[in-house]
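# Descriptive structure summary
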Amino acid sequence: MAAVLEVVLSCDAGGSLWNCNVWEPRSGTTLTTYRGGNTSARALCTLGGEFLLGAQLGKNYINVWELQRKDQLQQKIVCPGIVTCLAVSPNGLYVTAGIEESIYLWEVSTGNLLLTLSRHYQELTCIRFTDDSSHFISGGKDNLVIVWNLSSLLQISYTRVPEPQYVWSRHTLPVTDIHCGVGGPLSRVATASLDQTVKLWEISCGELLMSVLFDVGIMSVALDPCEYYLFCGGNDGSIFQVNLFAAPVQREKNFQTDKDGSQIFKGHRNQVTCLSVSIDGTLLISGSHDETVRLWDIPSKQCLRTVSHKEGVFTVTKKIQRTIKGRAAPSSRSPPDWELLCFNTCL
């Protein structure tokens, strides 16, 4: 009978011991590590449950590992510039990368570069896909958040300039993180910025639902699976929990700790750069420039575990893997060939 194993993938800025560490959150046991180089922020993702991709910090290539391969053979995908953010569509068909102010979109099955999008005018900081792979959202140092409809982009001819579905320009300082909720084209999107706000948007209509003002710049953001709480990592080490349904519901509000569920997790000593919530909504994982990853119990706000790293943590994410009698279940599709991961940078 199939079971679900939830693991944590974490990377730090140094990469002295490994590039990516995979560990079980409740026991803290390291399951495996992937060595070679170090991955930049917002640039670690899995492809189809078969491969791990990480953009090399400060370099113009992407490191690739086969997840189940024991000899840790590392491949490299050369890109036309330094990759500042990376995202893979949940269906495993497309890869997007932010290179300077442009977005590159590749098709995995052929390795062809499908599009180059240039609507940002400063360096990109983050890219996220919706859970159904129908849209992706990009944010940059130009304070803009742009929503792209993937099917519309793929249907345009070469004579037309690709147009985004929405351009959200309500932030006044660089965008630091983006989180997409569930629901595909009906999902909600949370965006964090150095302007000390986190904003919640509706993809279906492009409207701003809520803006929460904090006393510090926000470096990371995440929603719980039920989208009842918003978790925001500050540049002072605090993690703020915002109750989205506390009465009265306001479009713009200041964060205040009170009895409606808005609380603060305290323990980090430096900016919180990444956040992730467990699938059951009870555990929060945070990474910080204080060189630690912390596991929190959300109801009690207690830190259950601290995992030390050699340098500031850039990435903390989770991966859900189905297992059968302790072994990984076979993939429903054959893994892509290595040559298909050598993305072509020419249109």
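The structure displayed is predicted, hence computed values, not measured ones.

### As for the packing of aromatic side chains
Within the structure shown, the criterion is met by 14 aromatic pairs. Arranged with centres 6.1 Å apart and planes meeting at 55°, the rings of Tyr34 and Trp65 form a pair that is tilted. Taken together, the residues span a long stretch of sequence, with Tyr34 in strand β3 (residues 30–34) and Trp65 in strand β6 (residues 61–66) at a distance of 31 residues. Classification of Tyr34 by relative accessible area gives buried; the value is 4%. A residue is classified by how much of its surface remains accessible, and Trp65, at 1% relative accessible area, is buried.

### As for the confidence of the model for the chain
With 87% of its residues at a pLDDT of at least 70, the chain reaches an overall mean of 85. The model gives residues 322–347 a pLDDT under 50, and that stretch makes 56 contacts with residues more than four places away or in other chains.

### Details of the sheet that holds strand β26 (residues 283–288)
Read from one edge to the other, the open sheet built from four strands follows the order β25-β26-β27-β28, with strand pairing classed as antiparallel. Each of the sheet's edge strands pairs with one partner strand only, and the pair in question is β25 (272–277) and β28 (302–308). Each neighbouring strand pair of the sheet contributes to a mean axis angle of 20°, computed without reference to strand direction. Here five bridges tie β26 to strand β27 (residues 292–297), and the two strands are oriented antiparallel to one another. Bridge pairing in β27 links Ile285 to Leu295.

### Re the nonpolar core
Core analysis: the biggest nonpolar cluster contains 20 residues, and Leu53, Ile62, Val83, Leu86, Val95 and Trp106 have the highest contact counts within it. Excluding its chain neighbours within four sequence positions, the residues that come into contact with Ile62 are Leu53, Gly54, Ala55, Gln75, Lys76, Ile77, Cys79, Val83 and Leu86.

### A closer look at the side chain of Gln271
Mapped onto the elements of the fold, Gln271 is located in the loop between β24 (263–265) and β25. The contacts of Gln271, once residues within four sequence positions are left out, are Met219, Gly234, Asn235, Gly237, Gly287, Ser288 and His289.

### Quick word on the environment of Ser187
Tracing the chain through its elements places Ser187 in the loop between β16 (175–180) and β17 (188–193). Under the relative-accessibility criterion, Ser187 is labelled buried at 0%. Leave out the neighbours within four places in its chain, and Ser187 touches Thr130, Gly181, Val182, Trp201, Glu202 and Ile203. At a separation of 2.6 Å, a polar atom in the side chain of Ser187 contacts the main-chain carbonyl oxygen of Gly184.

### What about the pattern of salt bridges?
Here the structure, examined in full by the defined rule, presents six salt bridges. Of the charged contacts, one joins Lys141 and Glu123 as a salt bridge, the two residues approaching to 3.4 Å between their closest N and O atoms. Separated by 18 residues along the polypeptide, Lys141 in the loop between β13 (135–140) and β14 (145–149) and Glu123 in the loop between β11 (113–117) and β12 (124–129) bring together distant segments of the chain. Of the residues examined, Lys141 reaches a relative accessible area of 37% and is grouped as partly exposed. Classification of Glu123 by relative accessible area gives partly exposed; the value is 34%. We note a salt bridge from Arg188 to Glu227, for which the minimum N-O separation is 3.2 Å. Of this pair, Arg188 sits in strand β17 while Glu227 sits in the loop between β20 (218–223) and β21 (229–234); the two residues are 39 residues apart in sequence, bridging distant segments of the chain. Pair check on accessibility: Arg188 and Glu227 agree, each one buried. One salt-bridge network, in which partners are shared between bridges, spans Arg42, Arg128 and Asp177.

### Some points on the pairing of β12
Where burial is concerned, most of β12 is hidden: five out of the six residues are buried. Two elements, β12 and β13, share five bridges in a ladder whose sense is antiparallel. Of the residues in β13, the one forming a bridge with Arg128 is Ile137. Where β12 folds back onto β13 in an antiparallel hairpin, the turn is made up of five residues, including Ser133, whose phi is positive at roughly 65°.

### Some details on the side chain of His309
Topologically, His309 is positioned in the loop between β28 and β29 (313–324). In this structure His309 comes out as buried when scored by relative accessible area, which is 7%. At 3.3 Å, the side chain of His309 and the side chain of Asp12 are in polar contact.

### What about the sheet that holds β20?
Strand order in the open sheet formed by four strands is β20-β21-β22-β24, with antiparallel pairing between adjacent strands. Of all strands in the sheet, those with a lone pairing partner are β20 and β24, marking the two edges. Averaged over all adjacent pairs, the angle separating strand axes in this sheet is 25°, with direction ignored. Sheet topology note: the strand β22 (residues 239–243)/β24 ladder contains three bridges and is antiparallel. The residue bridging Ile239 from the neighbouring strand is Phe265, located in β24.

About the criteria used
- Residues numbered from 1 in each chain as written.
- Predicted model: local features only at pLDDT ≥ 70, side-chain atom pairs only at ≥ 80, totals over all residues.
- Heavy atoms only, no water.
- Phe/Tyr/Trp six-rings, centres within 6.5 Å; stacked < 30°, edge-to-face > 60°.
- Helix = DSSP H or I, 4+ residues; strand = E, 2+ residues; numbered from the N terminus.
- Buried < 20%, exposed > 50% of the residue type's maximum accessible area, 1.4 Å probe, protein only.
- pLDDT = per-residue confidence, 0-100.
- Contact = heavy atoms within 4.5 Å.
- Pairing = 2+ DSSP bridges.
- Axes fitted to C-alpha atoms, helices over the stretch in contact; angles between N-to-C directions.
- Core = buried A, V, L, I, M, F, W, Y, C linked by side-chain atoms within 4.5 Å.
- Polar contact = N/O pair within 3.5 Å; in protein donor to acceptor, adjacent residues only side chain to side chain.
- Salt bridge = Lys/Arg side-chain N within 4 Å of Asp/Glu carboxyl O.

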